[in-house]
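Coordinates in review
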Amino acid sequence: MEQTPQFGLCLNNEGYPASLETGKLYRVIPDDKMKTQGYLRIIDESGEEYAYDANRFYLIHLPTAVEEALLAASQA
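Since this is a predicted model, take the numbers as computed values, not measurements.

1. Focus: the pattern of salt bridges
Under the criterion given, the structure shown has 3 salt bridges. The closest approach of N and O atoms between glutamate 45 and lysine 24, which form a salt bridge, is 2.8 Å. With glutamate 45 in the loop between β3 (39-43) and β4 (49-53) and lysine 24 in the loop between β1 (7-10) and β2 (25-29), this residue pair connects regions lying 21 residues apart in the sequence. With relative accessibility at 32%, the residue glutamate 45 sits in the partly exposed group. Residue arginine 41 pairs with glutamate 49 through a salt bridge whose shortest N-O separation is 1.9 Å. A relative accessible area of 23% means that arginine 41 is categorised as partly exposed. Connected through salt bridges with shared partners, the residues Asp31, Arg41 and Glu49 form a single ionic network.

Printed below as a string of structure tokens:
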């Protein structure tokens, strides 16, 4: 069973310069309904979850230990 990526690299912040930084890794919140509509739920610079066009991000599969460390750091 393939693990769902929990992080995405921002490729385009056009229209959202205060919310997204190009080249930055963001946490992706799994949401199949949004995904089928072409959006991802992202925890952005505000610290809140918002829906953004999926084509703004490159989803990244990270080793489990790295994902766990990043998730723990984001909750601290």
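So that's the structure; there's more coming.
2. Regarding the nonpolar core
Counting residues in hydrophobic clusters, the biggest one holds 8 residues: Cys10, Leu20, Tyr26, Val28, Leu40, Ile42, Tyr52 and Phe57. Of all the elements in the fold, those that place two or more residues in this core are β2 and β3.

3. Concerning the pairing of β2
Bridging between β1 and β2 involves 3 bridges; their strand directions are antiparallel. Along β2, the bridge assignment pairs phenylalanine 7 with arginine 27. Pairing analysis gives 3 bridges linking β2 to β3, with the strands arranged antiparallel. Its bridge partner lying in β3, isoleucine 29 is registered against arginine 41.

4. Considering the side chain of aspartate 44
Tracing the backbone shows aspartate 44 in the loop between β3 and β4. Sequence-distant contacts of aspartate 44, that is, excluding residues within four places in its chain, are made with Ser19, Leu20, Tyr26, Tyr50 and Tyr52.

5. Regarding the environment of glutamate 49
Considering the arrangement of structural elements, one finds glutamate 49 in strand β4. Residues within four places of glutamate 49 in sequence aside, it is in contact with Ile29, Arg41, Ile42 and Ile43.

6. Re the packing of aromatic side chains
Applying the stated rule across the entire model yields 3 aromatic pairs. Geometrically, the ring pair formed by tyrosine 26 and phenylalanine 57 is edge-to-face, given 6.3 Å between the ring centres and 85° between the ring planes. With tyrosine 26 in strand β2 and phenylalanine 57 in strand β5 (residues 57-60), this residue pair connects regions lying 31 residues apart in the sequence. Every member of this aromatic cluster is reached through a ring pair, and the members are Tyr16, Tyr26, Tyr52 and Phe57.

What counts and what doesn't
- Each chain carries its own residue numbering, running from 1 in the written order of its sequence.
- The model is predicted, so local features are restricted to residues of pLDDT at least 70 and side-chain atom pairs to those at 80 or more, both for listing and for counting; the totals for chains, interfaces and linings are taken over all residues.
- To obtain the side-chain values, all non-hydrogen atoms of the structure were used and water was disregarded.
- When a carboxyl oxygen of Asp or Glu lies within 4 Å of a side-chain nitrogen of Lys or Arg, that pair is called a salt bridge.
- Secondary structure elements are taken from DSSP: a helix is a run of H or I of four residues or more, a strand is a run of E of two residues or more, and numbering for both begins at the N terminus.
- To sort residues, take the accessible area from a 1.4 Å probe on protein chains only and compare it with the maximum for the residue type: under 20% means buried, over 50% means exposed, and anything in between is partly exposed.
- Among buried residues, the Ala, Val, Leu, Ile, Met, Phe, Trp, Tyr and Cys ones that are joined through side-chain atoms within 4.5 Å form a nonpolar core.
- Pairing between strands requires that DSSP locate at least two bridges from one strand to the other.
- Whether two residues are in contact is decided by their heavy atoms, any of which lying within 4.5 Å being enough.
- Two rings from Phe, Tyr or Trp (for Trp, the six-membered ring) form a pair when their centres are within 6.5 Å of each other. A pair whose planes differ by under 30 degrees is stacked, one over 60 is edge-to-face, and the rest are tilted.

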